[in-house]
Amino acid sequence: LPVANGGDDVTLRRVDGVGVGATLLTALGLAAVYGRLPERLATHWNLANEVDGTMSKPVFAGFSLVLVAGTYAFMRIVPRLDPDAEVTDPLYETVVIVTVAFLVTVNAYVVAVNLGYPIPVDLVVPVALAGLYAALGTAMVRYDGSAHGTWPTTPEGRAYANDVLGRSFQLAAVLTLAALAFPAYTTPLVVTVAVAVPVLALGYVAVTLDESG
């Protein structure tokens, strides 16, 4: 696809590096342990930390590669669908990096558990999500929204929305880690945070935007 300017080209090359590197890492990791994995892998756990979903080994390997590579490809192509899009900012690069890194981490966790390492899912998922929220939130707070995006429709509004949403993700990271202090309720608390915090933040932006912009 044609690139609008040199800045876009640099950013998309970095995205390519992250996506291709993550896909290769996943493929090499799976190849290294493939023979040691069981024929059916536990791939999903319920609120009681019990296995309630499995995949055959070949399907899991293929799915893992398609998920990482497909997510990278999707995030690589989407900015180019808008000819006026600007993707030269650190926020976009951060979104790609943390999203792909999260997928690689989840895949590595599933592999580790199926190799016999007793890592509780109700510990790994909150920590991984907290890292994802913290990285995205920090990037959004630092992001200059005055020259990018289409909503809200003014530069000030974009900057304000990014700041509010970024701080909401930072709050979500803290609340997700705090949920670990309540082992019996960690999973429902994490789910509640994941759903409620961004929804409330978007509602807050919608209500206060005119006054702040």
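Residues numbered from 1 in each chain as written. Predicted model: local features only at pLDDT ≥ 70, side-chain atom pairs only at ≥ 80, totals over all residues. Heavy atoms only, no water.

**Q** Describe in detail the packing of helix H4 (residues 121–142) against helix H5 (residues 155–178), supporting the description with residues and values.
**A** Axes are the key here: two packed helices are described by the angle between their axes and the distance separating the axes. Taken N-terminus to C-terminus, the directions of H4 and H5 make an angle of 160°; their axes are 7 Å apart at the nearest point. It follows from the interaxial angle that H4 and H5 lie roughly antiparallel. Handedness of the crossing formed by H4 with H5: left-handed. Of H5, the residues touching H4 (which contributes Pro126, Val127, Leu129, Ala130, Tyr133, Ala134, Gly137, Thr138, Met140 and Val141) are Asn162, Asp163, Leu165, Gly166, Arg167, Phe169, Gln170, Ala172, Ala173, Thr176 and Leu177. (Axes fitted to C-alpha atoms, helices over the stretch in contact; angles between N-to-C directions. Helix = DSSP H or I, 4+ residues; strand = E, 2+ residues; numbered from the N terminus. Parallel < 35°, antiparallel > 145°, perpendicular 65-115°, else oblique. Left-handed = near helix turned anticlockwise from the far one by under 90°. Contact = heavy atoms within 4.5 Å.)

**Q** I'd love a proper account of the environment of Val205, names of residues and values included.
**A** On the secondary structure map, Val205 appears in helix H6 (residues 186–212). Taking the relative accessible area as the measure of exposure, Val205 reaches 0% and is therefore buried. On a C-alpha basis, the gap between Val205 and Gly157 in space is 9.0 Å, while along the polypeptide they are 48 residues apart. (Buried < 20%, exposed > 50% of the residue type's maximum accessible area, 1.4 Å probe, protein only.)

**Q** I'd like to hear about helix H2 (residues 57–77), residue by residue, with values.
**A** One turn of the α-helix equals 3.6 residues, which is why residues spaced by three or four share an orientation. Taking 1.5 Å per residue, 21 residues should reach 30 Å; H2 reaches 30 Å between its end C-alpha atoms and fits that length. Among the residues of H2, those classed as buried are Lys57, Phe60, Ala61, Ser64, Val68, Thr71, Tyr72 and Met75. Each buried residue of H2 sits inside an arc of 115° when the element is viewed along its axis, so together they form one side. In this structure, H2 carries Pro58, Val66 and Phe74 as exposed residues pointing more than 90 degrees from its buried face. (Expected span 1.5 Å × (residues − 1). Arc of directions from axis to C-beta.)

**Q** Any details on the environment of Gly137? Residues and values, ideally.
**A** For Gly137, the location among the structural elements is in helix H4. By relative accessible area, Gly137 is classed as buried at 0%. Residues Gly137 and Asp163, spaced 26 residues apart in sequence, show a C-alpha to C-alpha distance of 8.5 Å. With residues up to four places along the chain from it excluded, the contact list for Gly137 reads Gly166, Phe169 and Gln170.

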